[in-house]
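# Inside the fold
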Amino acid sequence: MEIEELQKIWNQQKGETMYVINRDAVHQTITRKKNVASRKIDVLETCISLINGLMAIVLFIDGLDDPHYWDFVGSGMMLCTVLYTQYFRWKRKKEENTFDRSVFGELNHAISNTNYIIKFSFLMIVGYLVPFTLFYAGKMIDRGASIEKWLLILSMYLLAFLLIRWERTNLHIPKKRQLEKLRDKLKEEY
Amino acid sequence: MESKQRKIFDEWLAGYRALIFKVIRSYAFNSEDESDLFQEVCLQVYRSIPNFKGKSAVSTWLYRIALNTAIKWSTKEKKHVDGHQEIGNVNQLLSAQEETQDERVGWLYLQIREFNEIDRSLSLLLLEGYSYQEMSKMMGISESNIGVKIHRIKKQLISNSKNYSNGN
């Protein structure tokens, strides 16, 4: 048979009755999967925003009680990280539904998105958590903070650090590796 | 917005289910896999609705999404063999039905399944009559590479069809 004949055979196929769709189950599944897909990252972003937001309030109140320029600066910086996290979240949500025009294009896009998230995690640790921890540790030593305050501040930093590291190690890096493996496998064909 | 998206999804599913079924049948080999892949394709189609600007035909758009999803799913699916993923808890979204049709269609599916993930997509697009240019856009592969691949696919299909016609 020539290819035109094979195409004719193929085109006879209407496929209408090949399967019966359980429509309700399809809608339930879509709703469930849609929500599950980004829930973990949503939780993480919310936690970081809440922790930092709370820290901003604590520092602001602290600054009011005992006026000190750096408390307000610190509070403002914390607030900036909340805004940055929310901006990042908005951007991620916006790009979540973006489809490229090809298999490789879509894969590259997915890898690029994952890279972006990994970089963000790294930035949160190196560019924010470490300097802030050092800064506030120094400040608390200087001002003789109570043990409760030490515990509160340090436990919040520790929690934020563990959350960021968990996200990076368990979600994004394995996902990136999986996508790269798939892309390499497909590339081997060409 | 959500209800509009759902309406479009229902319309696409009703109007183009044959297209989706062809992809499912080419990539999934048992009823659990069929349902699993079908739910993945439906999810991706649903998510893609806000991005559909009408620059291509709906069928082309759906083919691209269904094939991209099937290729990715197919690679992930191999984990099932190693027992890394559970497949027993997948909802039965599809029930296979007997379709009275030319038995050569079934033979064609067997041939398609013999190809690797990318060639399966290309053979489907070839049988659907898409041009090299359209295939290139959908797959993200250069037209010259498509040409080489399609030449090999055609050669294999024609050769196997001769054996089939001879009853081998």
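Keep in mind that this is a model prediction, so the values were computed, not measured.

Helix and strand counts for chain A come out as five helices and one strand. Reading the secondary structure of chain A in the N-to-C direction produces α-β-α-α-α-α. When each of the 190 residues of chain A is scored for burial, the buried share is 18%. At a minimum sequence separation of 6, the contacts of chain A that also span at least 24 residues come to 71%.

Time to look at the environment of B:Glu34. All names here are of chain B. Along the chain, Glu34 turns up in helix α3 (residues 31–48). The class for Glu34 is buried, based on 23 C-beta atoms found within 10 Å. Separated by 10 residues in sequence, Glu34 and Ile24 have C-alpha atoms that sit 6.1 Å apart.

Ranked by internal contacts, the top residues of the largest apolar core, which has 37 residues, are B:Val23, B:Ile24, B:Val41, B:Leu62 and B:Ala66. The set of elements that each furnish at least two residues to this core consists of α1 (3–12) of chain A together with α2 (17–27), α3, α4 (58–82), α5 (103–114), α6 (117–128), α7 (132–139) and α8 (143–165) of chain B. Considering every element that reaches this core, the biggest residue donor is α4(B), with eight residues. Residues contacting B:Val41, with those up to four places away along its chain left out, are B:Ile20, B:Val23, B:Ala66 and B:Thr69.

Along its 18 residues, α3(B) runs 25 Å from first to last C-alpha, staying within 8% of the 26 Å computed at 1.5 Å per residue. Of all the 18 residues making up α3(B), 14 are buried; the element is thus mostly covered by neighbouring parts of the structure.

To continue, consider the confidence of the model for chain B. Across chain B, pLDDT averages 81, with 82% of residues at or above 70. Counting interchain partners and residues more than four positions distant, the pLDDT-below-50 stretch residues 79–90 of chain B has nine contacts.

Analysis parameters
Residues numbered from 1 in each chain as written. Chains lettered and ligands numbered in written order. Predicted model: local features only at pLDDT ≥ 70, side-chain atom pairs only at ≥ 80, totals over all residues. Helix = DSSP H or I, 4+ residues; strand = E, 2+ residues; numbered from the N terminus. Buried ≥ 20, exposed ≤ 12 C-beta atoms within 10 Å, placed from the backbone. Contact = placed C-beta atoms within 7 Å. Core = buried A, V, L, I, M, F, W, Y, C linked by C-beta atoms within 7 Å. Expected span 1.5 Å × (residues − 1). pLDDT = per-residue confidence, 0-100.

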